[in-house]
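# Remarks on the overall topology
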Amino acid sequence: MDGIRFGRASLLCTLLLWIALQVCSGEVTVTVAPKVEVLKDETAKLPCTYSVSPASSNTVVEWYIDEQPGTRKRVAFRSPGGEGKSDEATPLSGRVTIGEDFTLTILSVKPSDEFVFSCQVTAGPAGVNDAPTKLKVFFAPEKPDIKASNQAIYVGDTDSSEISICVAKNGHPQPRIIWFKDDQPLPEVKDMKEKTYMVSSVVKEASGLYTIKSSLNMQPTKADKDSVFQCTVEYSMPGDEIKQKKSDSITINLNYPSETATFELLNPDPVKEGDNVTMKCETDGNPQPEFEFTKDGKPIIGQGGLLMLKSVKRTDVGEYMCTAIDYDNIEADLSGKIALAVHYIDPVSVTPAEPQVVMFGGKVDWQCKTKASAQHTVHWKKGSEVLSQDGTLLIEGVSYDNAGEYMCVGAVPSVPGLTAQASVNLIVKGKPLIETPAVGVVEKEGDMVTLKCSAYGSPAPQFTWEPSGKESVSVEGNKVVSTVTLQATAEVMKNGATCKVSNEHGKDSKAILVSLQRAIDNSSNRADQHQGGSSVVVIAVVVCVLLLLLLVALIYFLNKKSKLPCGKKDKKEVASGEVNSDIVVEMKTDKANEEAGLLNKRPSTQQ
């Protein structure tokens, strides 16, 4: 009986062992991406695939997050053929779904969603397995904001001073700030015992983004007064990409003592009377000290480092001095001097100064003088025409054209704009002179015609027209012009109209002809035809001469080649008239005989 019981027990143990071995030999394999990278506010997809051996029809896929080390919380699950569901009361509630392929989808990703996710597969007898995937969330920070310190920074301080502060807001993951001086990166130093170091702080905003702040501290030297400082925020983006954003550039306001001073004249050109003069005094320190100004040892008032003189005169010439005292460097000689020269030119003196009245054909002589602070020139002008460059203007044989205003101009070539001038007038008196008048033109006899008569003379001449008409008088420069409108009668067409002028010195007259318009046109056409005919004759003569020259050249060429039908003897016989017109002579020679005859031919002795 005991043997039977022992056999049954052994069989049951063997069966249980076989079942246990079958269970232990099952396998579940889970595959996920090691990490998934996504930008803030975008959609993240975490794929999960698995294999089960032996196959199981009762498989459940669950997604978990590691909220804290060693603590997991399920956020979604799904079984094959079943409906995917998300869990309530999780950081992802309302934004997470699980698809038919078991991919976990998270909408509007936040920086706080950056967990380690685990995809767990439970396959009944085959067992349970899971695999982790890391969700990385990225967001580019804003352009860094840099501000210079408001505190006074002194060169020579033994302690480092805060130079500038740089802030970069809203980045993820946490960015870092790099400082630059004159486009060169500064080593990141946190030891406050060093002369140059940085102090950084990080704030995690409610949004999960990071704001980083860094202050630059250093012991500047005088050379740093011109240095340019800048900060850069360096941050990570998906795909292991490192990017940067640069801040604006700043300079720092350093205080340092003065060592030297400069005093300079700001006027670009030589100073002349009437100019405004500006002199500037400054030192190589910061801030600038107070300045004192003197002229020839006497105090004068300036404005800060500027000394301004308005509309200077030659009496402003002298030695100007600027002096400054910097109490941070009391022993420094902070002074400068300017020897101010003011150029001038005296008013121009013209002799004689009053208007000159000269009779027609007479002469006039002017002298012009001036003085100046430098070498100068004197010249006479009428309008834009230069008449003399030695200060003397002599006009002989004065005509009416010489009447008018003359200008004597003095100038200092080395000082732009330094000039002086004076003017005189010439009045020419004499009997009237009429300019050659233009011919009047009418369409037909009896029409009204307008004639113009221009005359020089002083006093102004009086006009008389024969025959008379409607008259108007005007002045054009140095001449008087009378315009008359009258009828072109037969008498006027024959003899013209007479313009007579007179004044106290004499008189003059000229006849102004009147012609028909067609007569003038015909005359013009005949002139054109005559000119055209002359051109044709010239061309014909040239062609004939060229043809004659060509003929002579041809005869000469044929004679040289012996191609003409007669020699000198033949010419003589023809000339003597012994030619029988009834005889026809035919000459045939071969080339050899012809050449022999030419070689043996003797010169004729007959003349």
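Scope of this entry: the structure provided in the associated data block. (Residues numbered from 1 in each chain as written. Predicted model: local features only at pLDDT ≥ 70, side-chain atom pairs only at ≥ 80, totals over all residues. Heavy atoms only, no water.)

## Comments concerning the overall build of the chain
Of the regular secondary structure elements, the chain holds five helices and 44 strands. Residue burial in the chain is summarised as follows: out of 607 residues, 31% are buried. The long-range fraction of contacts in the chain, counting pairs at least 24 apart against all pairs at least 6 apart in sequence, stands at 61%. Accessible surface, the chain: about 38000 Å² in total, of which carbon and sulfur atoms supply 53%. (Helix = DSSP H or I, 4+ residues; strand = E, 2+ residues; numbered from the N terminus. Buried < 20%, exposed > 50% of the residue type's maximum accessible area, 1.4 Å probe, protein only. Contact = heavy atoms within 4.5 Å. Areas by Shrake-Rupley, 256 points an atom, 1.4 Å probe, with all protein chains shown as cover.)

## A few points about a nonpolar patch on the surface
A contiguous nonpolar patch, built from V541, V542, V545, L546 and L549 and spanning about 450 Å² of accessible area, is present on the exposed surface. Examined against the element boundaries, L546 turns out to sit in helix α3 (residues 517–560). You can call L546 exposed: its relative accessible area is 52%. (Patch = residues over 30% accessible without salt bridge, like charges linked within 9 Å, V, L, I, M, F, W, Y side chains within 5 Å. Salt bridge = Lys/Arg side-chain N within 4 Å of Asp/Glu carboxyl O.)

## A word on the sheet that holds strand β3 (residues 44–46)
Taken in spatial order, the three strands of this open sheet run β3-β9-β8, and their pairing is antiparallel. The sheet is open, and its two borders are formed by β3 and β8 (96–98), each paired with just one other strand. Each strand of the sheet is rotated relative to its neighbour by a mean of 15°, with strand direction disregarded. As paired elements, β3 and strand β9 (residues 104–106) share three bridges and run antiparallel to each other. Along β9, the bridge assignment pairs K45 with T105. (Pairing = 2+ DSSP bridges. Axes fitted to C-alpha atoms, helices over the stretch in contact; angles between N-to-C directions.)

## Quick word on the pattern of salt bridges
Where charged atoms from two side chains of opposite charge come close, those side chains can pair. This model, assessed by the stated rule, comprises 22 salt bridges. Residues D87 and R74 are paired through a salt bridge, measuring 3.1 Å at the closest nitrogen-oxygen approach. In this pair, D87 sits in the loop between β7 (85–86) and β8 while R74 sits in strand β6 (residues 71–78), placing the two residues 13 residues apart along the sequence. For R74, a relative accessible area of 25% corresponds to the partly exposed category. A salt bridge links D346 to R314; the nearest nitrogen and oxygen atoms lie 3.1 Å apart. With D346 in the loop between β28 (335–340) and β29 (349–351) and R314 in the loop between β26 (306–309) and β27 (318–324), the pair connects residues that are 32 residues apart, well separated along the chain. Under the relative-accessibility criterion, D346 is labelled partly exposed at 21%. Of the residues examined, R314 reaches a relative accessible area of 32% and is grouped as partly exposed. Residues joined by salt bridges that share partners form a network here, namely K35, E37 and D240.

## Some remarks on the environment of V32
Checked against the element boundaries, V32 lands in strand β1 (residues 27–32). If we skip the residues at most four places from it in the chain, V32 touches P47, C48, W63, C119, A131, P132 and T133.

## Regarding the side chain of N255
Topologically, N255 is positioned in strand β21 (residues 254–255). The buried category is assigned to N255, whose relative accessible area is 13%.

## Comments concerning the sheet that holds strand β23 (residues 277–283)
Spatial strand order, β22-β23-β26: three strands in an open sheet with antiparallel pairing. Each edge of the open sheet is held by one strand with a lone partner, namely β22 (261–265) and β26. Put simply, the sheet's adjacent strands are angled 10° from each other on average, direction ignored. Of the strand pairs in this sheet, β22 and β23 are connected by five bridges, and their pairing is antiparallel. Bridge pairing in β23 links L265 to M279.

## Topic: the pairing of strand β35 (residues 404–411)
Relative to β35, strand β32 (residues 377–382) is paired through five bridges, and the arrangement is antiparallel. Residue pairing in the sheet places V378 in a bridge with G410 of β35.

## With respect to the environment of S482
Checked against the element boundaries, S482 lands in strand β41 (residues 479–487). Spatially, the C-alpha atoms of S482 and W465 are 9.5 Å apart, while their sequence positions differ by 17 residues. Non-local contacts of S482, meaning those with residues more than four positions away in its chain, are made with L451, K452, C453, F463, W465, E471, S472 and V473. A distance of 2.6 Å separates the side chain of S482 from the side chain of E471, its partner in a polar contact. (Polar contact = N/O pair within 3.5 Å; in protein donor to acceptor, adjacent residues only side chain to side chain.)

## What to know about the nonpolar core
Within the largest apolar cluster, 30 residues are counted, with the highest numbers of intra-cluster contacts made by V30, L46, W63, L104, I106, F117 and L135. Those residues in contact with L135, other than ones at most four positions away along the chain, are V36, V38, A44, L46, I106, D113, E114, F115 and F117. Counting 25 residues, the second largest nonpolar core, distinct from the first, contains W366, A372, Y406 and L418. (Core = buried A, V, L, I, M, F, W, Y, C linked by side-chain atoms within 4.5 Å.)

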